[in-house]
Amino acid sequence: MADSADSRDIAAHVAAVVDAVEPYMPPGNEPGAEALRDRLHGRLRIALMGRVNAGKSTLLNALVGQRIAPTNETECTQVATWYRYGAPARVDVIGRDGSQTSTALSRRLPDDLGRPPADIDYAVAHVPSALLRDYEIIDTPGLGSMNSTSTAATRRILLGASADDGLERPDVILFLCDNIPRADETDFLSELGASRINTVALLSHADTFGEGVFGSEDPLLMAAAHAARLKSQLPGVAGAVVPVSGLLAETALTGHLTETDALALANLACHDEFELADLLGSGDAELDRLAGLVGEYGIVHGRAVAKQGAAAVTHWLADKSGLSAVRDQILRRFVRRSDLLKARRILMALRKVGDASANRSQIFDILERTHLDPALHPLRELSALDLMLQWDPTHPLVERLDELTLSATRAERLGLESDAADEAAITAAAKEAWVGCRRERAIAISAAEREAWTVLERSYQLALQPE
Ligand SMILES: Nc1nc2c(ncn2[C@@H]2O[C@H](COP(=O)(O)OP(=O)(O)OP(=O)(O)O)[C@@H](O)[C@H]2O)c(=O)[nH]1
Ligand SMILES: [Mg+2]
């Protein structure tokens, strides 16, 4: 299944469903058909969510390639802010009273947005960064804040306003946690409808994990092992758990490390680790500044690389940060199937319209037909996955459906090596898988499993047809 053609197909077919439902929508319905079509063709919305100080704004800066979001070691972000591609660079501040002000944006979002945070609904930063081509990112105030204004702002932006149909909600979530998610975090994730379809968890502050760089084990290795454990503890919630150091990524990706910094780092090579630990606790301003750039991990392990200059350190920091694995997950799980994720949201909104409408049966007739449309079969696969996640998130069918919905080609969907598979091999594998599904369906013990096998059977049947 060719990814781009498939994606275009889904968007076009769902747009046609919106057109078909439009005449049956109550007049003045919110959202209107136009809003649904805009949402379908708009960029994917990714929200960063996590506790105060989890490193959300720092990671955002790394992803945008610019130190645009203020960060701080004490609670910092108080206004939920969307970062979206746009020029000229500016920030729109939307008040709780609905009024809007717009100011030019230089490199960094000002700490003061011109009104008290309590009077602000949210802000939108328009940034001409090519890294925001594929998606928008929403930075949120941290969970667990003592500040009720911040908590309310996060709930508004992630859950939508109370009267909202959910259309404005983010499509997907990057959930940052620095150890084990606490009860309030997992509760909030379930309130958000987080599942492995729309959520990736990040184990943040990987460079300080465990006892940190002066402990007996490398924190990055410990973080990687912990991330793997977390993945098995959160089978329904997160599609992946990726260890990341936002700080190392931010410094590397925003190009903030200078030759002077590299030289200062290289000059520390004469100290052993005990001396370094003492020096770091001594309040030395220059050392604190360096630690603010590369963390204690970067100071201890970056010294040897620093002899080769700032470019080498930057490269090393990017590599150690784990950001490329984060980007890979964003690409694989979110961007590549962005039309599918948006289409899913539009169909949910249409179902809500149908529920509240006098033309319920006509609207549901149209929606029922989408079930049988081969072009929209990937949506049915996602629904089957949803059902299985509710039934038993540890069931092997969850992994199987997840892999299927993430596969870009027919060969991949059949578990074949893309390069090696010719048409005959694909046909043989599809037939075998198809027959296997029929057998399994006959002995399925729950409605969710039966639906999963039915949907898989159809998937393999469709895979018999050449692209
Ligand atoms: N060592 C280390 N420090 C980090 C990392 N990520 C963020 N920090 C630091 O942790 C502090 C908090 O980071 P922020 O990005 O402001 O955290 P936040 O989640 O946006 O916090 P709130 O906006 O208050 O919710 C800052 O001092 C960052 O420099 C990391 O991966 N490693
Ligand atoms: Mg923040």
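Every residue gets a number counted from 1 within its own chain, in the order that chain's sequence is written. The order in which chains are written sets their letters, starting at A; the order in which ligands are written sets their numbers, starting at 1. Where local features are concerned, this predicted model is filtered to residues with pLDDT of at least 70; where side-chain atom pairs are given and counted, the filter is 80 or more; whole-chain, interface and lining totals use all residues.

Participant: Whenever I open this one, the overall build of the protein chain confuses me. Can you help?
Facilitator: Each helix is a run of H or I in the DSSP string that is no shorter than four residues. Each strand is a run of E no shorter than two, and both are numbered from the N terminus. What the protein chain contains, in helices and strands, is 19 helices and 9 strands. Our radius of gyration looks at C-alpha atoms and nothing else; its globule reference is 2.2 Å times the residue count to the power 0.38. Here the C-alpha atoms of the protein chain give a radius of gyration of 24 Å, agreeing with the 23 Å that 2.2 N^0.38 yields for 467 residues. Along the first, second and third principal axes, the C-alpha atoms of the protein chain reach 70 × 55 × 40 Å. Within the protein chain, the fraction of its 467 residues that count as buried is 40%. Neighbour density around each residue's C-beta defines its exposure: 20 or more other C-beta atoms within 10 Å make it buried, 12 or fewer make it exposed, and counts between make it partly exposed, where C-beta atoms are placed from the backbone.

Participant: What should I look at first to understand helix α10 (residues 285–306) in this one?
Facilitator: Helical geometry note: an α-helix holds 3.6 residues per turn, so side chains three or four residues apart project in the same direction. With 22 residues, α10 ought to run about 32 Å at 1.5 Å a step, yet its terminal C-alpha atoms sit only 20 Å apart, falling short of that. Each residue is assigned a bend, namely the angle between axes fitted to the seven residues that terminate at it and the seven residues that start at it. Considering bend angle alone, the principal kink of α10 is centred on Val-294 and spans about 100°. Taken together, the buried positions of α10 are Leu-290, Leu-293, Val-294, Gly-295, Tyr-297, Gly-298, Ile-299, Val-300, Gly-302, Arg-303 and Ala-306. In this structure, the buried residues of α10 make contact with α6 (219–233), α7 (246–253), α8 (259–266), α9 (273–280) and α11 (310–321). Expected helix span is taken as 1.5 Å per residue step, with the number of steps being one fewer than the number of residues. For the purpose of contact definition, each residue receives a C-beta atom placed from its backbone, and two residues are in contact when these atoms lie within 7 Å.

Participant: Is there a simple way to think about the domain arrangement of the protein chain in this case?
Facilitator: Often, the extent of an interface is quoted as the loss of accessible area on bringing the components together. Structurally, the protein chain comprises domain 1 (43–245 + 323–335), domain 2 (250–321) and domain 3 (371–463). Counting residues at the interface gives 8 residues for domain 1, matched by 9 residues for domain 3. A domain assignment, automatic or from a database, supplies the domain bounds used here.

Participant: How do you make sense of the sheet that holds strand β5 (residues 120–127) when you look at a structure like this?
Facilitator: Sheets are built from strands that pair by backbone hydrogen bonding, the pairs being arranged parallel or antiparallel. One bridge is not enough; two strands pair if DSSP finds at least two bridges between them. Reading across the sheet, the 9 strands line up as β4-β3-β5-β2-β6-β1-β7-β8-β9 and stay open at both edges, with mixed pairing between neighbours. Either end of the sheet is taken by a strand with one partner, and the two such strands are β4 (100–104) and β9 (241–243). Shown here is a sheet whose adjacent strand axes are inclined to one another by a mean of 20°, direction ignored. Sheet topology places strand β3 (residues 90–95) next to β5; 6 bridges connect them, and they run antiparallel. Note that in β5 the partner of Val-91 across the bridge is Ala-125. Convention adopted: a line fitted to C-alpha atoms gives each axis, helices being fitted over their contacting stretch, and angles between N-to-C directions are expressed from 0 to 180 degrees.

Participant: I tried to follow the site of ligand 1 on my own but got confused; where do I start?
Facilitator: Ligand 1 sits among 24 residues. The nearest are Gly-55, Thr-58, Thr-71, Thr-77 and Gly-142. No other element matches helix α3 (residues 56–64), which puts 3 residues into the shell around ligand 1. Here the shell around ligand 1 is built from residues that sort into 5 nonpolar, 15 polar and 4 charged. A residue counts as near a molecule or strand when its C-beta atom, positioned from the backbone, falls within 6 Å of it. Residue classes follow a fixed rule: Ala, Val, Leu, Ile, Met, Phe, Trp, Tyr, Cys and Pro count as nonpolar, while Asp, Glu, Lys and Arg count as charged, and any other residue, Gly among them, counts as polar.

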